[in-house]
Amino acid sequence: MELQEKSNTFKNLNSILFTGEIDSSKVAEKFDTAQILVLYSQYETQSVVMLEGLARGLVVVAPRVGGIPEHLEGRGILFDEDSDDAFEMAVRQAITEVN
């Protein structure tokens, strides 16, 4: 199931925005309206987007890949990148934290 299709299973949400790539001049604007930042990448070295999300106080959900665990451990929600169930549980945990 595609990620966007799967997001329809999350009840009681005002909105989930799938941005894809964003022009750098618009990133701050998107962060200002967000509560949760979800990274769904199979490969990251050090995610600048994740660090920006943390700096802005967002709840960050990200996979255990590359340098992400080193920077996110204890400050966000990590999931195993090869498990759709773990990803879904991590997103649900983030939603619970912001509600």
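In what follows, the accompanying structure is described. (Residues numbered from 1 in each chain as written. Predicted model: local features only at pLDDT ≥ 70, side-chain atom pairs only at ≥ 80, totals over all residues. Heavy atoms only, no water.)

## As for the sheet that holds strand β2 (residues 59-63)
Here comes step 1: If you walk across this open sheet you meet the three strands as β1-β2-β3, and the pairing is parallel. Every interior strand has two partners, whereas the edge strands, β1 (36-38) and β3 (77-79), have only one. Here the strands of the sheet are splayed against their neighbours by 15° on average, with no regard to which way each runs.
Here comes step 2: In the sheet, β1 pairs with β2 via three bridges, with the strands oriented parallel. Bridge pairing links isoleucine 36 to valine 59 in β2.
Here comes step 3: Together, β1, β2 and β3 form the strand contacts of helix α5 (residues 84-98), whose direction differs from that of β3 by roughly 170°. (Pairing = 2+ DSSP bridges. Helix = DSSP H or I, 4+ residues; strand = E, 2+ residues; numbered from the N terminus. Axes fitted to C-alpha atoms, helices over the stretch in contact; angles between N-to-C directions. Contact = heavy atoms within 4.5 Å.)

## Comments concerning the packing of aromatic side chains
Here comes step 1: Going through the model one piece at a time under the given rule, you end up with three aromatic pairs.
Here comes step 2: A ring pair is formed by tyrosine 40 and phenylalanine 79, whose centres lie 6.3 Å apart and whose planes are at 20°; its orientation type is stacked. In this pair, tyrosine 40 sits in the loop between β1 and α3 (48-55) while phenylalanine 79 sits in strand β3, placing the two residues 39 residues apart along the sequence.
Here comes step 3: The class for tyrosine 40 is partly exposed, based on a relative accessible area of 38%.
Here comes step 4: Ring geometry for phenylalanine 79 and phenylalanine 87: centres 5.0 Å apart, planes at 65°, overall edge-to-face.
Here comes step 5: Three or more aromatic residues joined by ring pairs form one cluster here, namely Tyr40, Phe79 and Phe87. (Phe/Tyr/Trp six-rings, centres within 6.5 Å; stacked < 30°, edge-to-face > 60°. Buried < 20%, exposed > 50% of the residue type's maximum accessible area, 1.4 Å probe, protein only.)

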